[in-house]
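Coordinate analysis (summary)
Okay, here's what each chain looks like letter by letter:
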Amino acid sequence: TRTSRPVDSILTIDGHPAIGENDADIVLIEFSDFQCAFCRRHLNLVMPDLVREFIETGKVEYAFSDFPVEDRHPQAKQAAIAARCANDQGKYWEMRQRLYISTAMLQETDLIEHARAVGLDIGEFDACLKSDQYDNAVRHDQREGTKLRVRGTPTFFLGRRIPGGNQVRVERSIVGQQPIEVFREHIYALAKAD
């Protein structure tokens, strides 16, 4: 039950929803599933500390990748697409929080209600949801996660931004819903490695 392992890979975060400074040296990438109870716990219990200590201070950019485990969570992929459609209107973070609060309410009619609750243009959102605009992006994330040996969600990848772009040299994975202390330890270790 290792909480982390070294990784040597490059991930591109172009087109991925993210919060924090988009030129931060350190990037944390979360692979998650909108029907995952452990992902919801991470959002509620750990994410507030990550935001306050690392994201709002400009030390870390936090990017999101989708890894819906469709055999166990049949509505997770459509929820991931809904969040990306919300991102088109600048409301990814609000939609993400809403979807995790209501993981039992992810049918198409529920997604429209969530969109309304976060203030999206419903016509634009619905058209995006019904298109296949983000299907390939979600599938790409799933393939990337599989190559990186993601076995469950949430799984995080921590690394340094390659100067001049949105590629990240990933150096470590953090597996599962872990306490803030685990993230602190690895973020500070990476920052000191300069």
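No experiment lies behind these values; they were computed from the predicted model shown.

**Brief notes about the environment of asparagine 22**
- With respect to the helices, strands and loops of the structure, asparagine 22 is situated in the loop between strand S2 (18–19) and strand S3 (26–32).
- For asparagine 22, a relative accessible area of 56% translates into the label exposed.
- As for asparagine 22 and alanine 63, which are separated by 41 residues in sequence, their C-alpha atoms are 9.6 Å apart.

**Concerning the packing of helix H2 (residues 76–88) against helix H3 (residues 92–101)**
- Packing of H2 against H3 leaves a shortest axis separation of 7 Å and a crossing angle of 150 degrees. One element, H2, and the other, H3, form an angle in the roughly antiparallel class. The two elements H2 and H3 meet at a crossing, and its hand is right-handed. Residues Ala79, Ala82, Ala83, Arg84, Ala86 and Asn87 of H2 form the contact with H3, whose own contacting residues are Tyr92, Met95 and Leu99.

**Thoughts on the sheet that holds strand S5 (residues 155–161)**
- Spatially, 6 strands are ordered S1-S6-S5-S3-S4-S2 in an open sheet, and the strand pairing comes out mixed. The open sheet has two edge strands with one neighbour each: strand S1 (4–12) and S2.
- Where S1 and strand S6 (residues 167–175) come together, 7 bridges link them in antiparallel fashion. Across the sheet, threonine 12 pairs through a bridge with glutamine 167, a residue of S6.

**Some thoughts on the side chain of threonine 155**
- Relative to the helices and strands, threonine 155 resides in strand S5.
- Here glycine 152 takes part through its backbone oxygen, which lies 2.7 Å from a polar atom of the side chain of threonine 155.
- When near neighbours in sequence (up to four residues on either side) are disregarded, threonine 155 contacts Ile29, Glu30, Phe31, Val150 and Ile174.

**Quick look at the nonpolar core**
- Formed by 46 residues in total, the largest nonpolar core has its most connected members in Met47, Leu50, Tyr62, Phe125 and Phe183.
- Looking at this core, the element that brings in the most residues is helix H1 (residues 37–55), giving 8 residues.
- With residues up to four places along the chain from it excluded, the contact list for phenylalanine 125 reads Ala82, Cys85, Ala86, Gln89, Met95, Leu111, Ile112, Ala115 and Leu120.
- Formed by 14 residues, the second largest nonpolar core is a distinct cluster that contains Val7, Leu11, Leu148 and Val168.

Conventions we followed
- Residues numbered from 1 in each chain as written.
- Predicted model: local features only at pLDDT ≥ 70, side-chain atom pairs only at ≥ 80, totals over all residues.
- Heavy atoms only, no water.
- Helix = DSSP H or I, 4+ residues; strand = E, 2+ residues; numbered from the N terminus.
- Buried < 20%, exposed > 50% of the residue type's maximum accessible area, 1.4 Å probe, protein only.
- Axes fitted to C-alpha atoms, helices over the stretch in contact; angles between N-to-C directions.
- Parallel < 35°, antiparallel > 145°, perpendicular 65-115°, else oblique.
- Left-handed = near helix turned anticlockwise from the far one by under 90°.
- Contact = heavy atoms within 4.5 Å.
- Pairing = 2+ DSSP bridges.
- Polar contact = N/O pair within 3.5 Å; in protein donor to acceptor, adjacent residues only side chain to side chain.
- Core = buried A, V, L, I, M, F, W, Y, C linked by side-chain atoms within 4.5 Å.

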